[in-house]
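An overview of the molecular structure
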Amino acid sequence: MKKIVMTFVAAVMAVSASAQVYVGGNVGIASVDPAGGESETVFTVLPEVGYSFNSDWAAGVAFGWSKGSLQEPELSFDTSLTRTFSVNPYVRYTALKGKHVNLFVDGSFGYCHYNGIGDAWSIGLKPGVAVNLDKFSFVAHVGFVGYENFKPKYSDASSVWGVDFDSNNVSLGVYYNF
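Residues numbered from 1 in each chain as written. Predicted model: local features only at pLDDT ≥ 70, side-chain atom pairs only at ≥ 80, totals over all residues. Heavy atoms only, no water.

**Points about the environment of phenylalanine 53**
Within the fold, phenylalanine 53 resides in the loop between strand E2 (40-52) and strand E3 (57-68). Between the C-alpha atom of phenylalanine 53 and that of valine 21, which follows or precedes it by 32 residues, the distance is 9.2 Å. The contact partners of phenylalanine 53, leaving out residues within four places of it in the chain, are Ala58 and Ala59. (Helix = DSSP H or I, 4+ residues; strand = E, 2+ residues; numbered from the N terminus. Contact = heavy atoms within 4.5 Å.)

**Some points on the pattern of salt bridges**
A side chain of one charge can pair with a side chain of the opposite charge when the charged atoms of the two come close. Summed over all chains, the structure comprises three salt bridges. Where glutamate 48 meets arginine 92, a salt bridge forms, and the shortest distance between an N and an O atom there is 3.9 Å. Here arginine 92 lies in strand E4 (residues 82-97) and glutamate 48 lies in strand E2, a separation of 44 residues in the sequence. In this structure arginine 92 comes out as buried when scored by relative accessible area, which is 7%. The partner of aspartate 106 in a salt bridge is arginine 92, with the nearest N and O atoms 2.7 Å apart. On the criterion of sequence distance, the pair formed by aspartate 106 in strand E5 (residues 101-114) and arginine 92 in strand E4 is long-range, its members being 14 residues apart. On the basis of relative accessibility, which here comes to 3%, the residue aspartate 106 falls in the buried class. (Salt bridge = Lys/Arg side-chain N within 4 Å of Asp/Glu carboxyl O. Buried < 20%, exposed > 50% of the residue type's maximum accessible area, 1.4 Å probe, protein only.)

Here it is in structure tokens:
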């Protein structure tokens, strides 16, 4: 067991020393006021870790938890206390590079489990922009192009195929680059 732990620690130190690892994520909080209901606080915590292979390609995974309403109009039961767990591995291609600003696209596969309600998954592309300042990067994803499927326990599955660039599909995050 000691050999496994020491090997893992040595690998993490070697990867960190090569200055290609980044950690960070997104944190969100909102107040939702549904029609005919009480307002509630919704929060999300999405840590993220990734590895840059070179200046063009990177891979990573975002995972996280949230608590709040599920915005699915076809559900006929209360979703106000929904808790979720999600995991979203991705491959990132940086298409345009500037001195401090990069434009990229993430090819991702996402899975989300809604406790007591059902599961959702998606596969597609998420365009984004990164503002790089020394060891920190501020990252924004805007939109989604791909396929999404939601399968509730007590209802038929629903799926969407297409492009979604509305203002509700924006995420902001911060990374620390080793």
